[in-house]
Structure formats: structure tokens, C-alpha cells
Amino acid sequence: THKDQFLAMVSHEMRTPLNAVMGYLGLLAEDARIPAEVSDYVHGARNSASHLLTVINDLLDFSQIQQGKLVLSPQAVKLRDMLTTTHQTLAHRAQRQNLAYPLTLDDNIPQWGLVDPHRLTQIIINLLGNALKFTPQGEVRMHVSYEVNTTHAHQGTLCISVQDTGLGIPPESL
């Protein structure tokens with residue numbers, strides 16, 4: 001539809017200048033000459049710009065999904081490393097909120113896996129980010145397991161669950 005095409009075009013066009021803004025903020029953040037208070041402002045602006053970029057990327061993804069054009073790009077990745085690194089992305093936020101933030105990786109998770117690392121990271125960050133947003137106290141726990149495919153030994157299902165002590169999702173919204 002025209003709405004989906006417009007959304008895709010606007011989202012794409014917004015990313016270019018926003019990436020430039022993030023680049024300049026990154027340069028400022030690394031400049032040792034700026035005072036600590038200004039550094040805090042730059043850090044806040046970087047976080048806000050990063051969040052805005054996530055929103056724009058989500059809009060673009062939604063538009064691609066609506067049009068049936070979302071393409072996955074599977075790559076060989078070290079699964080345990082990728083999962084740990086992705087989880088740690090929000091560890092500082094959990095610490096600021098005084099929340100426990102454990103990660104459990106089952107022993108049978110393969111060292112290597114063929115996944116779209118960008119999409120998998122995006123999904124995990126969205127799950128953890130929402131859990132952190134709606135959990136005022138307690139914990140946000142991520143558990144990853146692996147179920148081997150019984151007919152194809154080199155295939156399986158990566159199962160990722162995020163549990164929190166927040167209010168939860170109302171039954172009508174599930």
C-alpha cells in the first residue's frame with residue numbers, strides 16, 4: 001500500500017542524518033577536553049539518538065514485514081558469545097535499576113550456529129528492554145536452551161525466554 005511505501009521511504013531517509021548525528025555525538029563523547037557535566041549531556045543525547053534509531057529501524061522492519069519483503073541473512077556465529085554479548089548490552093541499565101540480571105545458557109548450546117545475528121540481537125534487545133522497562137524491582141532473567149532436531153542432527157531450535165518480576169502483560173493483550 002502507499003502507506004507502507006511511505007513509511008519505508010521516510011524511515012530510510014531519517015536514518016542517514018540520524019547516523020551522522022550519532023557519529024558526531026560519538027566524537028564528542030571521546031573528546032577529553034569537554035567538562036564532565038557536558039559529557040553527561042552528550043551521553044544522554046547519544047542514548048536518545050540510539051533509541052530513536054531503534055524506533056526508526058523497527059518502523060522500517062514493520063513496513064518490510066507488511067510488504068512481505070523482510071529478508072533474513074543467516075551467518076555462522078559463535079552462539080554463546082553472541083548471546084552473552086547481547087545480554088550484556090543492557091546490563092548497565094539493569095544495574096542502574098537495582099535489578100538482578102542473570103543469564104543462563106544451557107550446556108548443550110552449540111558453539112556455532114547459522115542465524116541472522118542482527119535480527120536475533122534485535123529480538124533479544126526488545127524482549128530484555130521491555131522487561132526492564134516494566135520491572136521496578138526484583139529481576140529480569142534470560143534463559144537460553146537448545147532442542148536438537150531428532151531427524152537432522154545438525155539442526156535444532158534455539159529457545160530464548162525472558163522472565164521478569166514486573167506486573168506482566170494483561171491477559172487480553174497476550
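Residues numbered from 1 in each chain as written. Predicted model: local features only at pLDDT ≥ 70, side-chain atom pairs only at ≥ 80, totals over all residues. Heavy atoms only, no water.

Enquirer: Explanation requested: the pattern of salt bridges in the structure shown.
Expert: Working definition: two side chains of opposite charge can pair if their charged atoms are close together. Scanning all chains against the criterion turns up two salt bridges. A salt bridge links R33 to D31; its shortest N-O distance comes to 2.7 Å. On the basis of relative accessibility, which here comes to 74%, the residue R33 falls in the exposed class. E139 is paired through a salt bridge with R141; the nearest N and O atoms lie 3.1 Å apart. When its relative accessible area of 22% is taken as the criterion, E139 is described as partly exposed. (Salt bridge = Lys/Arg side-chain N within 4 Å of Asp/Glu carboxyl O. Buried < 20%, exposed > 50% of the residue type's maximum accessible area, 1.4 Å probe, protein only.)

Enquirer: Quick question: what am I supposed to make of the nonpolar core here?
Expert: Grouped together as the largest cluster of nonpolar side chains are 21 residues, with contacts concentrated most on Y101, L128, L132 and V140. Counting residues per element, the ones that place at least two in this core are α3 (79–88), α4 (91–96), α5 (117–133) and β4 (140–148). Once residues within four sequence positions are removed from consideration, L132 is found in contact with L90, R93, A94, Q97, L99, Y101 and V140. Core analysis: the second largest hydrophobic core is formed by seven residues, V42, A49, L53 and I56 among them. (Core = buried A, V, L, I, M, F, W, Y, C linked by side-chain atoms within 4.5 Å. Helix = DSSP H or I, 4+ residues; strand = E, 2+ residues; numbered from the N terminus. Contact = heavy atoms within 4.5 Å.)

Enquirer: Please clarify how the sheet that holds strand β2 (residues 103–105) should be interpreted in this entry.
Expert: For sheets, the rule is that strands pair by backbone hydrogen bonds, running either parallel or antiparallel. One open sheet holds the three strands; their spatial order is β2-β4-β5, and the pairing between them is mixed. Every other strand in the sheet has two partners, leaving β2 and β5 (156–164) as the edge strands with one partner each. Neighbour-to-neighbour, the strand axes of this sheet turn through a mean angle of 15°, independent of strand direction. Relative to β5, β4 is paired through nine bridges, and the arrangement is antiparallel. By the bridge assignment, Y146 is partnered in β5 with L158. Sheet contacts for α3: β2, β4 and β5; angle to β2, the most-contacted strand, approximately 170°. Along the sheet, α5 contacts β4 and β5; its crossing angle with β5, the most-contacted strand, is approximately 20°. (Pairing = 2+ DSSP bridges. Axes fitted to C-alpha atoms, helices over the stretch in contact; angles between N-to-C directions.)

Enquirer: In this structure, what is going on with the packing of helix α2 (residues 36–66) against α5? I would like to understand it.
Expert: Across the interface, α2 lies against α5 with an axial gap of 13 Å and an inter-helix angle of 115°. Crossing handedness for the pair α2 and α5: left-handed. Contacts between α2 and α5 involve D58, D61 and Q64 from the first element and R119, Q122 and N126 from the second. Looking at the contact of α2 with α5, its residues break down into no nonpolar, three polar and three charged. (Left-handed = near helix turned anticlockwise from the far one by under 90°. Nonpolar A, V, L, I, M, F, W, Y, C, P; charged D, E, K, R; others polar.)

Enquirer: Looking at this model, I keep getting lost on the side chain of D116. Mind explaining?
Expert: With respect to the helices, strands and loops of the structure, D116 is situated in the loop between β3 (112–115) and α5. Buried charge without a partner: D116 forms no salt bridge, and the closest opposite charge is R119, 4.4 Å away. Separated by 2.7 Å, the side chain of D116 and the backbone nitrogen of S73 make a polar contact. In contact with D116, other than residues within four places in its own chain, are V71, L72, S73 and P74. (Lys, Arg positive; Asp, Glu negative; His and termini not counted. Polar contact = N/O pair within 3.5 Å; in protein donor to acceptor, adjacent residues only side chain to side chain.)

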